[in-house]
Amino acid sequence: MTVPNPPTVLLATPMYSAIGYEEEEVWSILDILYFAGTYDSFCRKCGRESTFQMLQRDRPAGYVRNLNKERLERMQGVKATLPKLDDGVYHLQASCTRVNHHKQDFVLFAETEVIPKEKGFEFKRSIQKIGQHPSYGDLHILQVKKYTHVLTPEQLGELTRAIVLASHDVGVGAYVYLRRIFEALVEEARRLAEKDAGWDQEQYQRSRMAEKIAQLKAHLPTFLVEHAAMYSLLSKGVHELSEAECLKHFETLRLG
């Protein structure tokens, strides 16, 4: 399992979506919980994109990686010592580099569950975002404005509703609205294509969505044509995937 980078966890991971990790990945988790870098995000108070600088907190001594010590341990045939991550709440705050007092706050929760097995125990390690301000929905809804030149007011409303639902862990409902937008864009392209010479409406109606997109490629964005499988994933989310599985892929599909 690959642990997402800190900005992805802070900005693109929905609330209460658990990120599992193995013991040897603890350094990557600490890099998230004690993130000291920068990231780009929409600043709600500036009303525009900005770069945010994390307000660094000092790591406890046991949470500071010593690569030289690890290298020596490996040379000696000793398993590298890994820190034991304390369960609990971790608060991260970042400051807008345009206006210093414009802040973004994130609250993460780290937990290690001990699960009894027939022989011994299993440790289930995870972190999850349990709070943030501005909210997940606020950060992304404000970015919807940049789509006003390609989406109708109704479609913008549906995109907004999808983001709000995802921010409240309603992944299946969010997929419904994304799929409606997808279908509306395809229908707009069909209305343009039916004016083309040689257009076969009957064949189009018999076609599956992937085939319809191929027939409409002259009237659709290249990205949508190349990623026609997005529709299948949206449909699978509506009919088969769990809420958690839908939320896992929501941000990728929203951007698509």
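Above this text sits the structure in question.
This one's a predicted model, so the numbers in the text were calculated from it and none came from an experiment.

Participant: Help me understand the sheet that holds strand β2 (residues 38-43), please; the structure alone is not making it clear to me.
Facilitator: An order of β1-β6-β5-β4-β3-β2 is seen for the six strands of this open sheet, with the pairing classed as antiparallel. Looking along the sheet, the strands with just one partner apiece sit at the ends: β1 (19-21) and β2. Taken pair by pair, the neighbouring strands of this sheet meet at an average axis angle of 35°, ignoring direction. The pairing of β2 with strand β3 (residues 48-54) spans six bridges and is classified as antiparallel. Bridged to Ser 41 within β3 is Ser 50.

Participant: Would you mind going over helix α2 (residues 26-33) with me for this structure?
Facilitator: Along an α-helix, residues three or four apart share an orientation, since each turn contains 3.6 residues. Counting buried positions along α2 yields six of eight residues, so the element is predominantly enclosed. Looking only at α2, the buried set comprises Val 26, Trp 27, Ile 29, Leu 30, Ile 32 and Leu 33. Buried-residue contacts for α2 involve α1 (6-12), β1, α3 (67-75), β4 (88-96), β5 (103-116) and β6 (121-133).

Participant: Could you clarify how one ought to interpret the side chain of Asp 105 in this entry?
Facilitator: Relative to the helices and strands, Asp 105 is located in strand β5. Here Gln 93 takes part through its side chain, which lies 2.8 Å from a polar atom of the side chain of Asp 105. Setting aside chain neighbours within four positions, we find Asp 105 in contact with His 91, Leu 92, Gln 93, Gly 131, Gln 132 and His 133.

Participant: Hey, could you run me through the side chain of Thr 13 in this one?
Facilitator: If you trace the backbone, Thr 13 turns up in the loop between α1 and β1. Given the relative accessible area of 10%, Thr 13 is considered buried. With sequence-adjacent residues up to four places away left out, Thr 13 is seen in contact with Thr 8, Ile 19, Lys 129 and Tyr 136.

Participant: Where do I start with the pairing of β6 in this structure?
Facilitator: Side-chain direction in a regular strand flips from residue to residue, so the side chains alternate between the two faces of the sheet. With three bridges joining them, β1 and β6 adopt antiparallel strand pairing. Bridging from a neighbouring strand, Ile 19 pairs with Ile 127 of β6. The antiparallel pairing of β5 with β6 creates a hairpin that spans four residues between the two strands, and Gly 120 there sits at a positive phi of about 85°.

Participant: Would you explain the packing of aromatic side chains in this entry?
Facilitator: How two aromatic rings sit relative to each other is given by the distance of their centres and the angle of their planes. Enumeration over the complete set of coordinates arrives at six aromatic pairs. For the ring pair Tyr 39 and Phe 52, a centre distance of 5.6 Å and an interplane angle of 10° mean the geometry is stacked. A residue pair is termed long-range when its members are at least 10 positions apart, and Tyr 39 in strand β2 and Phe 52 in strand β3 qualify at 13 residues. An identical accessibility class is assigned to Tyr 39 and Phe 52; each is buried. For the ring pair Trp 199 and Tyr 204, a centre distance of 5.2 Å and an interplane angle of 45° mean the geometry is tilted. Assessed through its relative accessible area of 5%, Tyr 204 is described here as buried. Following the ring pairs from residue to residue traces out a cluster consisting of Tyr 34, Tyr 63 and Tyr 90. It is Arg 57 that lies over the ring of Tyr 34; its NZ or CZ is 4.5 Å from the centre. Across the ring face of Tyr 204, the terminal group of Lys 212 is positioned such that the distance to the ring centre comes to 5.1 Å.

Conventions used here
Residues numbered from 1 in each chain as written. Predicted model: local features only at pLDDT ≥ 70, side-chain atom pairs only at ≥ 80, totals over all residues. Heavy atoms only, no water. Pairing = 2+ DSSP bridges. Helix = DSSP H or I, 4+ residues; strand = E, 2+ residues; numbered from the N terminus. Axes fitted to C-alpha atoms, helices over the stretch in contact; angles between N-to-C directions. Buried < 20%, exposed > 50% of the residue type's maximum accessible area, 1.4 Å probe, protein only. Contact = heavy atoms within 4.5 Å. Polar contact = N/O pair within 3.5 Å; in protein donor to acceptor, adjacent residues only side chain to side chain. Phe/Tyr/Trp six-rings, centres within 6.5 Å; stacked < 30°, edge-to-face > 60°. Lys NZ or Arg CZ within 6 Å of the ring centre and 35° of its normal.

Just geometry here; none of it tells us what the structure is for.
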